[in-house]
Protein chains: 2
Amino acid sequence: MSDNKRDQDILIDFTNSLEESIGPQHGISPADFASIEQATMETHGRLQKLKESGEIGFFDLHKSDTKPFKKFASRTREKFENFVVLGIGGSALGTNAIHSALNSSFHNSLTKRKRNGYPKLLVVDNIDPDWLEELLQTVDLKKTIFNVISKSGTTAETMSQFMIVVERLKKKLKGKWKNKIVLTTDGGKGVLRELADEFNLLAFDIPNNVGGRFSVFTSVGLLPLACAGVDIDSLLKGAERMAQRCAASSIMENPAYLFGALHYLADRRKGKNISVMMPYSSKLYSVADWYRQLWAESLGKRYSLDGKECFTGQTPVKALGATDQHSQVQLYVEGPHDKITTFIEVENFSRTVTIPKLFEEKEALKYLGGKSLNQLISTEMKGTEYALTSHNRPNLTIRLPKINAHAIGQLIFMLETATAFAGGLYGINPFDQPGVEFGKQFTYAKMGREGFEKMRSELEEKTANAKRRTI
Amino acid sequence: MSDNKRDQDILIDFTNSLEESIGPQHGISPADFASIEQATMETHGRLQKLKESGEIGFFDLHKSDTKPFKKFASRTREKFENFVVLGIGGSALGTNAIHSALNSSFHNSLTKRKRNGYPKLLVVDNIDPDWLEELLQTVDLKKTIFNVISKSGTTAETMSQFMIVVERLKKKLKGKWKNKIVLTTDGGKGVLRELADEFNLLAFDIPNNVGGRFSVFTSVGLLPLACAGVDIDSLLKGAERMAQRCAASSIMENPAYLFGALHYLADRRKGKNISVMMPYSSKLYSVADWYRQLWAESLGKRYSLDGKECFTGQTPVKALGATDQHSQVQLYVEGPHDKITTFIEVENFSRTVTIPKLFEEKEALKYLGGKSLNQLISTEMKGTEYALTSHNRPNLTIRLPKINAHAIGQLIFMLETATAFAGGLYGINPFDQPGVEFGKQFTYAKMGREGFEKMRSELEEKTANAKRRTI
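Residues numbered from 1 in each chain as written. Chains lettered and ligands numbered in written order. Predicted model: local features only at pLDDT ≥ 70, side-chain atom pairs only at ≥ 80, totals over all residues.

Caption draft 1: Inspection of the interface of chain A and chain B at higher detail. Contact residues are listed per partner, giving 118 residues for chain A and 119 residues for chain B. The biggest single contributor to the side of chain A that touches chain B is helix α16 (residues 373-390) of chain A, with ten residues. A per-class count over the side of chain A that touches chain B returns 53 nonpolar, 40 polar and 25 charged. (Contact = placed C-beta atoms within 7 Å. Helix = DSSP H or I, 4+ residues; strand = E, 2+ residues; numbered from the N terminus. Nonpolar A, V, L, I, M, F, W, Y, C, P; charged D, E, K, R; others polar.)

Caption draft 2: Focus on the sheet that holds strand β10 (residues 395-402) of chain B. Residue and element names in this part refer to chain B. Read across the open sheet, the five strands follow the order β1-β10-β9-β7-β8; overall the sheet is mixed. Unpaired on one side and paired on the other, β1 (11-13) and β8 (315-318) mark the two borders of the sheet. Adjacent strand axes in the sheet meet at a mean angle of 20° when their direction is disregarded. Here strand β9 (residues 339-348) pairs with β10 via seven bridges, running parallel. (Pairing = 2+ DSSP bridges. Axes fitted to C-alpha atoms, helices over the stretch in contact; angles between N-to-C directions.)

Caption draft 3: Up close: the relation of the copies chain A and chain B. Least-squares fitting of chain A to chain B yields an RMSD of 0.0 Å, with the transformation described by 0.0 Å of translation along the axis and a rotation of 180°. Given the turn and translation reported, the copies of this chain are related as if by a two-fold rotation axis. A symmetric contact is evident, with 100% of the interface residues of chain A recurring at the interface of chain B. (Least-squares fit on C-alpha atoms with pLDDT ≥ 70 in both.)

Caption draft 4: View of unusual backbone geometry. That bond from Gly321(A) to Ala322(A) is cis: its omega, -5°, falls within 30 degrees of zero. Examined against the element boundaries, Ala322(A) turns out to sit in the loop between β8 (315-318) and α14 (329-334). With phi around 55°, Asn200(B) is a residue other than glycine that occupies positive phi space. Locating Asn200(B) in the fold gives a position in the loop between α9 (191-199) and β6 (202-206). Exposure remark for Asn200(B): the 9 C-beta atoms within 10 Å place this residue in the exposed category. (Buried ≥ 20, exposed ≤ 12 C-beta atoms within 10 Å, placed from the backbone.)

Caption draft 5: Highlighting the packing of helix α4 (residues 37-52) of chain B against helix α17 (residues 405-426) of chain B. All names here are of chain B. In contact at an axis separation of 9 Å, α4 and α17 are set at 125° when each is read in the N-to-C sense. Taken as axis vectors, α4 and α17 run oblique relative to one another. With respect to the hand of their crossing, α4 and α17 are arranged in right-handed fashion. Taking contact as the criterion, the partners of Ala39, Thr43, Arg46 and Leu47 in α4 are, on α17, Ala420, Phe421, Gly424 and Leu425. Broken down by class, the residue content of the contact of α4 with α17 amounts to five nonpolar, two polar and one charged. (Parallel < 35°, antiparallel > 145°, perpendicular 65-115°, else oblique. Left-handed = near helix turned anticlockwise from the far one by under 90°.)

Caption draft 6: Fine view of helix α10 (residues 219-227) of chain B. All names here are of chain B. Here α10 lies mainly inside the structure; nine of its nine residues are buried. Turning to α10, its buried residues number three or more, namely Ser219, Val220, Gly221, Leu222, Leu223, Pro224, Leu225, Ala226 and Cys227. Immediately downstream of α10, the backbone of Gly229 shows phi near 95°, a positive value.

Caption draft 7: Just the sheet that holds strand β3 (residues 120-124) of chain A, in detail. Residue and element names in this part refer to chain A. Sheet architecture is open: five strands sit in the order β3-β2-β4-β5-β6, paired in parallel fashion. The sheet is open, and its two borders are formed by β3 and β6 (202-206), each paired with just one other strand. The sheet shows a mean angle of 20° between the axes of neighbouring strands, direction not considered. Here four bridges tie strand β4 (residues 144-149) to strand β5 (residues 181-186), and the two strands are oriented parallel to one another. Across the sheet, the residue bridging to Asn147 is Val182, located in β5.

Caption draft 8: Representation of the packing of helix α11 (residues 232-245) of chain A against helix α17 (residues 405-426) of chain A within the structure. Residues and elements named next belong to chain A. The contact between α11 and α17 brings their axes to 6 Å, and the two run at 50°. In this view, α11 runs oblique relative to α17, as classed from their interaxial angle. Handedness of the α11/α17 crossing: right-handed. Residues Ser234, Leu235, Leu236, Lys237, Gly238, Ala239, Arg241, Met242 and Ala243 of α11 pack against Ala405, His406, Ala407, Ile408, Gly409, Gln410, Ile412, Phe413 and Met414 of α17. Class assignment of the residues belonging to the contact of α11 with α17 gives a composition of eleven nonpolar, five polar and two charged.

Next comes the structure, spelled out in structure tokens:
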């Protein structure tokens, strides 16, 4: 491999999560690492099998054919002013994360020319009636394409949005509403697939061996991202590069395994039930939001693979540097010893913004003049890192050479693999989400879906006599 | 008091945090409440004293004179296209929270007419060079007023932004740059006060008995909010109404004390070191962000009032309903028993959005047709509440009759008082933030501020030989 390629690699600095930096009570020791050698080997083997058998598909998504997405993007580019995603959870978070990282944070406020002709991107991931109505009022339906994303076609939130949007389109455009809808769903089954066939709607497939929170490198993310002007090929090249690095079976050679192991050990051996992700970059804040779903939904489990109650799962927390130094860092430095913190550092921002020499007679401002915001944010990160470390709080840093599609591709793939690996250490299934089933059924029952009548009456009985305590 | 007034009261339903709902292992019992009776009385007395002596000022901010802010707002209304806050932490979060709650979520995308003539509002609370440059490029400096907010005038992030903006204004407008700047700072001292005097800049005072995170009802929040068209009088009336309710000394009569007590007991007696705030409303998500600072920075403390190490502080987490049902709820329902969750419910949204009857032959969609998003989001909240409760996870609901300034005023004041009260129960000082001092000094030293030369060389010595572990 060329040095140039290595130059583009993201890197994990884990010095400050180790015993040698923060002492034996809170730092990970060689013995801790040794204690999971067996589990690491087993997990590695299991993941290899899941990959090779094709049971779990996210490992190979860097091989996705991007042509259909780019072709669609080039068709929509000049034609539409707005690209609106109707989707929630895994159908929304990855797109948001990568779009925020790689496009202007004020993309939707730019002129079409400054957007290089690409449409505005809106991700509609809630059903708050006020918010949704406010949103719809900002877009001209005639100039908008709606991408409806649901693998099963039963997601109540997305389906409701879809029905509302179709009705409005019909009112405005009559039969032409169909040109404003593109579906992303299961290739063979489900309501959206049926509707695609019946109404001859354009539809993209979601591979059925990829779950929602691991799906950003499928049509789920690649279609909207291509349409918003993201270089999806570089994204996948980054993922591919990380996949090479993640082929290693040893924790000390595999960045994903290292990330997973540090978090597992911090949780299980050192009592850190909270995983903070704190990018020192406004543009990467949504990556932390995407990570929240990945980590929480994959690892938050009641039962282990052998059927025993285990109640696993760190709570992921997103924080933003430098902003949250004025909000969260007091707690992180002085509060309970219950966290492991991951900084995301950007080595080279796209721009250098210089602080001018002004008001030089003021001692409290003088030192800033002539420096850059780049220096300031970098220094502040080092300051927080130093403060945490000297208070024996484990922390690590993921360093990106710069924010580009290649680096983001690496980062996403690394965190996905880390999550799958951590699932193995915890001994749970990181690919299911049994705990949200009940909420869905509750909604079906209460909203009157056929087949849920019995549950409905049971629920009504239970809640009828509940005495509420209010003030 | 009239019934009408009570109708506008926000309400706490704490049924599901009690032993009678979720059992003795995780629920709060009468004995738990009894165990803090003495501490409640003492804390109540102490808070009364802090209020009456004027040492702590946030209790009485509903008496603030709003005229100067409204006058300024009416002057800027037609004149400016953008109102930009330069501020961080307490100078940003309250304004963001209330603006997001009460104005359109797409305020900045609306035409001036649809904004009722009020300017766009941008809150600049980070120093990421890429993000800041992108932001500045979206505003026409000639049509923009910058509100620089820092009590001390030494906040490195805000001062850097200020210097950058002043230089650009000077380049564009020469001597007229002064008309585009309004300062919000200490009434008597600090660099910004000096600059206000020297350059004859317009400046508003921050009362010196109010700390940053309790300051949204001072000029810090009221000025930008008035300028963005928020009814700041109703906001303060809401705060006043809640202040009346919070005069009670008993937990069962004082909503703030109840909130504080439930969280303290959940943490200290039941091991819930995480406080989730989950509004079922996109427009209230930023309130949870404001709460994050309030709760974390106030209660995250290493030392108690008697000087002993205590390491207190729940970690506040923001979550969004219904969105995060597809991200966090799996963990909240099945993961470790380490959380207490506060839902924020909106009884009446401003609008009813009906889901049309469409595709009625599809069983998976039929049940949605004819219902409303309002029903759907309300049902989903009840579903999550039910799921948490049946898994013995403590939760409570703050219910707002509707989202308006009066209700938000109540909510903010309630949470502030709850935080001050919880500080009493923990036995710490909720009004300081000693743990962030070090980070500031680190930045001064590394950036070369005068007087920090010794610290600088010490730090360089320490870090020079540090061996880094990277992969």
